[in-house]
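Geometric and topological summary
One letter stands for each residue in the lines below.
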Amino acid sequence: MSDLTTLTIAELRDGYARGAFSAREVADAYLAAIAASRGLNAFIHETPEAARAMAAQSDQRLAEGAARPLEGIPLGIKDLFCTEGIHSQAASHILDGFAPPYESTVTAKLWDDGAVMLGKLNMDEFAMGSSNESSYYGPVTNPWRRNGDETPLVPGGSSGGSAAAVAARLCAGATATDTGGSIRQPAAFTGTVGVKPTYGRCSRWGIVAFASSLDQAGPLARDVRDAAILMRSMAGHDPKDTTSVDQPVPDYEPALDQSVKGLRVGVPREYRVDGMPAEVERLWEDGVNWFRDAGAEIVDVSLPHTKYALPAYYIVAPAEASSNLARYDGVRYGLRVEGDDLIDMYEKTRAAGFGREVKRRVLIGTYVLSAGYYDAYYLKAQKVRTLIKQDFEHAFDKVDILLTPTTPNAAFGIGEVSGDPVQMYINDIFTVPANMAGLPGISVPAGLDAAGLPLGLQVIAKPFDEAALFRGGMVIERAAGRFAPTDWWS
Amino acid sequence: MSVDVATVRRIARLARIAVTEEEAQSLQHELSAILDWVEQLGEVDVDGVPPMTSTVAMAMKKRADTVTDGGRVEDILRNAPETEDGYFVVPKVVE
């Protein structure tokens, strides 16, 4: 019954309702697929026993006619989410052996809604990266390859394991997090749908912190409907996170069938950057035409401070990371490397426990926050951030959503870009502005490039208007169709 | 703005990360490249612009100042590399 893994969440839901298969059969099909696909390195910790126990419980609920919204839906969980008693190490050596005594709010909500846990997914260490190459557990291989070429490609990052697992049909959907593009960029690289909700929409409680003013959890899924289904279960107010917002979470599925007639779609001219491949530009044009054909009104808009979002991000995010990662000291959890005294122990533990990219960012963060530099760097970046947010506010006076490419390029080869940090950072040029302004964004696969690799388009909406993301995302999905890689890995 | 090796050593000390001579050299280049790149923010006129404190305008939430949790010594110590009698153990600080 391996074809069970080709079904979407909506199709599984319908199949369960009809009694076409059991949750146990679905869980077993996924566990077999995971076991046959270890070469992709998407899962770093598998939980087959938990999966079977949760599936058995789902079968009981289904038999009783008491199905919950995600009953029997097998999910992969990014290693950044704390899961009680289970490997939660942010793909870092410094959290060796860490199994938290509590469950993150977002994963708890998923289990409360009946979802089944398959295991923990690979990622860039502490979510710092755009290629999943900074993981302590090694890189993830993208299930997509260039036509007639076996070069292993990156799945993007930091949620590279989540995106690869969803694309390779190793889970029906996955949790992910997005600080500067870590959901949307891997979605674009793997032909999947990724949603970064409005800042405050999902609770950050129990998610290992990277940059607290930017981090948001969201879903990665096979199509727009599945993303909408997962979003509803993940979102919601949480008293344990003071930045989570007390606003009702709507059912997003009705938005999928809503017409975009009269919807005003902004096309920001500053996203047309130098050196952008003609294919990306053409795809963007296609997207504009799809919206126009669907009855939307296309409006030229300007976001003048766009080019400053990325450098400002690389001050704000490392600064917050250097503070958040101060807790890894070899005392309370994770790795300890003995030293001559307390400070020596700290320094040796952190030297051995953090990887290269994490060290780089902690040091940049420490530098920009250090005495004499705070005003020149951090304060300046936070002022630029205000300007970026104001740009969006002005644009949203005239339009309902914005349409942009998700990334300036398709997936690249493992090891191809890792030598130059700034070159790697450029990957997030189109995704970072939404994080800086706290806005919701979605990446939807929109086509393949000449080499046969997926490319994504991004829709950005007003705060808490995730429904508009799904409504816009459907326009892209209806026109472009869906994309799945051919199985070479299992 | 470029950083020199002495600055790399100073901030590594502040961040409590031991760096070897070789690492300090390569970090000097990498950090300088990143800092040179963020220099472009100098072009932006931020006169009179308030720094962002929150992307979503909301009033600070408050809760009653009462104990809501506790009595979890074992949970808290369970992941520690070394513990004794309900305490975390660290290398000797005072002789």
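Every value quoted in this text rests on a predicted model; they were computed, and no experiment measured them.

The rules we used
Residues numbered from 1 in each chain as written. Chains lettered and ligands numbered in written order. Predicted model: local features only at pLDDT ≥ 70, side-chain atom pairs only at ≥ 80, totals over all residues. Heavy atoms only, no water. pLDDT = per-residue confidence, 0-100. Helix = DSSP H or I, 4+ residues; strand = E, 2+ residues; numbered from the N terminus. Pairing = 2+ DSSP bridges. Axes fitted to C-alpha atoms, helices over the stretch in contact; angles between N-to-C directions. Contact = heavy atoms within 4.5 Å. Buried area = accessible area lost by both parts, 1.4 Å probe. Salt bridge = Lys/Arg side-chain N within 4 Å of Asp/Glu carboxyl O. Polar contact = N/O pair within 3.5 Å; in protein donor to acceptor, adjacent residues only side chain to side chain. Nonpolar A, V, L, I, M, F, W, Y, C, P; charged D, E, K, R; others polar. Phe/Tyr/Trp six-rings, centres within 6.5 Å; stacked < 30°, edge-to-face > 60°. Buried < 20%, exposed > 50% of the residue type's maximum accessible area, 1.4 Å probe, protein only.

With 99% of its residues at a pLDDT of 70 or more, chain B has an overall mean of 93. By mean pLDDT, the top-scoring element of chain B is helix α1 (residues 5–14) of chain B (97), and the lowest-scoring one is helix α2 (residues 21–38) of chain B (95).

Before going further, it helps to spend a moment on the sheet that holds strand β11 (residues 454–461) of chain A. Residue and element names in this part refer to chain A. Pairing is mixed across the open sheet formed by 11 strands, whose spatial order is β1-β3-β2-β4-β6-β5-β10-β11-β9-β7-β8. Each edge of the sheet is formed by a strand with only one pairing partner; in this case those strands are β1 (43–46) and β8 (297–301). The average undirected angle you get between the axes of adjacent strands in this sheet is 30°. With 2 bridges connecting them, strand β5 (residues 193–196) and strand β6 (residues 216–221) associate as antiparallel partners.

Moving on, we get to the interface of chain A and chain B. How big an interface is tends to be stated in terms of the accessible area lost upon association of its parts. Across the boundary between the two partners, chain A contributes 67 residues, which contact 49 residues of chain B. It is Glu-347, Leu-363 and Tyr-367 of chain A in chain A that bury the most area against chain B; as a group they hold 13% of the surface buried on that side. In this structure, the connection of chain A to chain B is made through 6 salt bridges. The salt bridge partner of Glu-30 of chain B is Arg-360 of chain A, with a shortest N-O separation of 2.9 Å. The tally of links from chain A across to chain B stands at 20 residue pairs in polar contact (both at pLDDT 80 or more). Considering each element in turn, the side of chain A that touches chain B owes the most residues, 11 residues, to helix α13 (residues 375–398) of chain A. Class assignment for the residues of the side of chain A that touches chain B results in 38 nonpolar, 13 polar and 16 charged.

Here we come to the packing of aromatic side chains. Residue and element names in this part refer to chain A. Summed over all chains, the structure comprises 21 aromatic pairs over all chains. An angle of 85° between the planes, with centres 6.5 Å apart, marks the rings of Tyr-328 and Phe-354 as edge-to-face. In this pair, Tyr-328 is assigned in the loop between α10 (309–324) and α11 (342–353) and Phe-354 in the loop between α11 and α12 (356–369), connecting sequence segments 26 residues apart. A residue is classified by how much of its surface remains accessible, and Phe-354, at 3% relative accessible area, is buried.

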